[in-house]
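Descriptive structure summary
Chain by chain, the residues:
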Amino acid sequence: MNNFLAKTLTSINALIAIVIFAYFTLYGPILTGMPVIGLILGAIVGVVAAALICGTIAFLALIERHLAEIAAATRQPRS
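Below is a short write-up of the structure. All values reported here derive from a predicted model rather than from experimental measurement. (Residues numbered from 1 in each chain as written. Predicted model: local features only at pLDDT ≥ 70, side-chain atom pairs only at ≥ 80, totals over all residues. Heavy atoms only, no water.)

A word on the overall build of the chain. Helix and strand counts for the chain stand at 2 helices and 0 strands. A globule of 79 residues ought to have a C-alpha radius of gyration of about 12 Å, yet the chain, at 19 Å, is considerably larger. Overall size of the chain, expressed as C-alpha extent along the three principal axes, is 70 × 20 × 10 Å. Partitioning the intrachain contacts of the chain with sequence separation of at least 6 by distance along the chain shows that 58% fall at a separation of at least 24. (Helix = DSSP H or I, 4+ residues; strand = E, 2+ residues; numbered from the N terminus. Rg over C-alpha atoms; globule rule 2.2 N^0.38 Å. Contact = heavy atoms within 4.5 Å.)

This next bit is on the nonpolar core. Listed in full, the 5 residues of the largest apolar core are A17, I20, A49, A50 and C54. Elements that contribute at least two residues to this core include exactly α1 (2-32) and α2 (35-75). Looking at which element gives the most residues to this core, the answer is α2, with 3 residues. (Core = buried A, V, L, I, M, F, W, Y, C linked by side-chain atoms within 4.5 Å. Buried < 20%, exposed > 50% of the residue type's maximum accessible area, 1.4 Å probe, protein only.)

Structure, rendered in structure tokens:
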């Protein structure tokens, strides 16, 4: 079950990044009151937030994949 959940999270990780980026980009002008500057600042903050959140998820998924390969290699009999 954990393997299924890890693969599912890895699959939707890019979608989560797009949603985070779009949220900050769209609401930047609303929060700052300045359309162009808010759009640019929102995009920058969106990229940083998506990189931190989704980058961490991707890094953990990569670690999980490597650990699974190591575990599989230790289970195989040596000849």
